[in-house]
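Close look at the chain arrangement
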Amino acid sequence: MNQDHQEPMAETMPNIITAMSCLLQRVSETNDHLNQKQRISGFYGITKPSISIRSYLERIFKYANCSHSCYIVAYIYLDRFIKKQPFLLINSFSVHRFIITSVLVSAKFMDDLCYNNGYYAQVGGISKEEMNMLELDFLFGIGFQLNVTVSTFNNYCSFLQREMVLLTKMNSLFLEPSTSFRNSFETKLVMNTVEDDSLITHHNKKQLAAA
């Protein structure tokens, strides 16, 4: 996972995926500085991948050919995972594996046709065996809670859209998003509403909150 491809996808990549990459970047940077005991997991790499989160998502978007809704559902799955597994943080050593695994699981559940684990492993820069293992770990991590209600999907979609609007405004003002958003989102959850089929009821910096 050391490829540093800068895919020319900025013009065509959906805004929601762009917002997702910005949120995950902030979460990773925040959790990098937490002195918290972490459980050993296959999601953590020995070194930080050289490819950026945005470029990694662009690569997945280019080659996975999954529906746009898969990315929103993948984000919902990530939120569920860290609520159920508070000692497995999303940081710079784990975020890429969390991304490729959540998109794989989402695509299998959401799309009628999707690529197999070997293909996703190639896209993600890992081995097929590792992809298989991560998929199982992820499914057990979220308790196999794959169903997403319409209202939950719409709530997360609206949240990511609002993030993109804020990001666009900040870019138009030539401000750095990671610092501009810091004060307004420091203690908020990913969502301000309660997810129908999971508990989004308490503030926690280890969640997919903007830091």
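Look up: the structure comes first, before these words.
What you see is a predicted model, and the numbers here were worked out from it, not measured in a lab. (Residues numbered from 1 in each chain as written. Predicted model: local features only at pLDDT ≥ 70, side-chain atom pairs only at ≥ 80, totals over all residues. Heavy atoms only, no water.)

**Some points on the overall build of the protein**
Threshold: Each helix is a run of H or I in the DSSP string that is no shorter than four residues. Each strand is a run of E no shorter than two, and both are numbered from the N terminus. Residue exposure (1.4 Å probe, protein chains only): buried if accessible area is under 20% of the type maximum, exposed if over 50%, otherwise partly exposed. Two residues qualify as a contact provided that any one of their heavy atoms is within 4.5 Å of a heavy atom in the partner residue. Note on areas: these come from Shrake-Rupley sampling with a 1.4 Å probe, and a residue is covered only by the protein chains present in the view.
When helices and strands are tallied, the protein shows nine helices and zero strands. When the helices and strands of the protein are listed from N to C terminus, the series reads α-α-α-α-α-α-α-α-α. Sorting the 211 residues of the protein into buried and exposed places 52% on the buried side. Sequence separation of 24 or more characterises 83% of the internal contacts of the protein that already satisfy a separation of 6 or more. Accessible surface computed for the protein: about 10100 Å², of which carbon and sulfur atoms make up 56%.

**Section: the nonpolar core**
Generally speaking, soluble globular proteins have nonpolar side chains that are buried together. Basically, it comes down to this: Nonpolar core, defined: a set of buried Ala, Val, Leu, Ile, Met, Phe, Trp, Tyr and Cys residues in which side-chain atoms within 4.5 Å join the residues together.
Formed by 52 residues in total, the largest nonpolar core has its most connected members in Ile-60, Tyr-71, Ile-99, Tyr-120 and Phe-138. Going through the elements one at a time, α1 (15-32), α2 (53-64), α3 (68-84), α4 (95-110), α5 (117-124), α6 (128-141) and α7 (150-172) are the ones with two or more residues in this core. Ranked by residue count, the leading element in this core is α3, at eleven residues. Setting aside residues no more than four positions away along its own chain, Tyr-71 makes contact with Ile-17, Met-20, Leu-57, Ile-60, Phe-61, Cys-66 and Val-103.

**Regarding the pattern of salt bridges**
Between side chains of opposite charge, pairing is possible as soon as their charged atoms come close. Filter applied, for reference: Put simply, a salt bridge is a Lys or Arg side-chain nitrogen that is within 4 Å of an Asp or Glu carboxyl oxygen.
Applying the stated criterion to the full structure yields five salt bridges. Where Asp-79 meets Lys-83, a salt bridge forms, and the shortest distance between an N and an O atom there is 2.4 Å. Highlighted residues: Asp-79 and Lys-83, both in helix α3, separated by four residues, approximately one helical turn. The salt bridge partner of Lys-108 is Glu-135, with a shortest N-O separation of 2.9 Å. Of the two residues, Lys-108 sits in helix α4 while Glu-135 sits in helix α6, which places them 27 residues apart along the sequence. Relative accessible area serves as the criterion here: at 35%, Lys-108 is assigned to the partly exposed category.

**What about the state of the cysteines?**
This is how it is decided: Two cysteine sulfurs form a disulfide in these notes if their separation is within 2.5 Å.
What the rule picks out here adds up to zero disulfides. Summary of cysteine pairing: Cys-70 is not part of a disulfide, and the nearest cysteine sulfur, belonging to Cys-66, is at 4.5 Å. Of the residues examined, Cys-70 reaches a relative accessible area of 0% and is grouped as buried.

**Looking at a nonpolar patch on the surface**
Heads up, the rule is: In this scheme, patches are assembled from residues that exceed 30% relative accessible area and form no salt bridge. Like charges are connected within 9 Å, while nonpolar side chains (Val, Leu, Ile, Met, Phe, Trp, Tyr) are connected within 5 Å.
There is a patch of nonpolar side chains on the surface, built from Leu-136, Phe-140 and Phe-144 and spanning about 340 Å² of accessible area. Its location among the elements puts Phe-144 in the loop between α6 and α7. You can call Phe-144 partly exposed: its relative accessible area is 44%.

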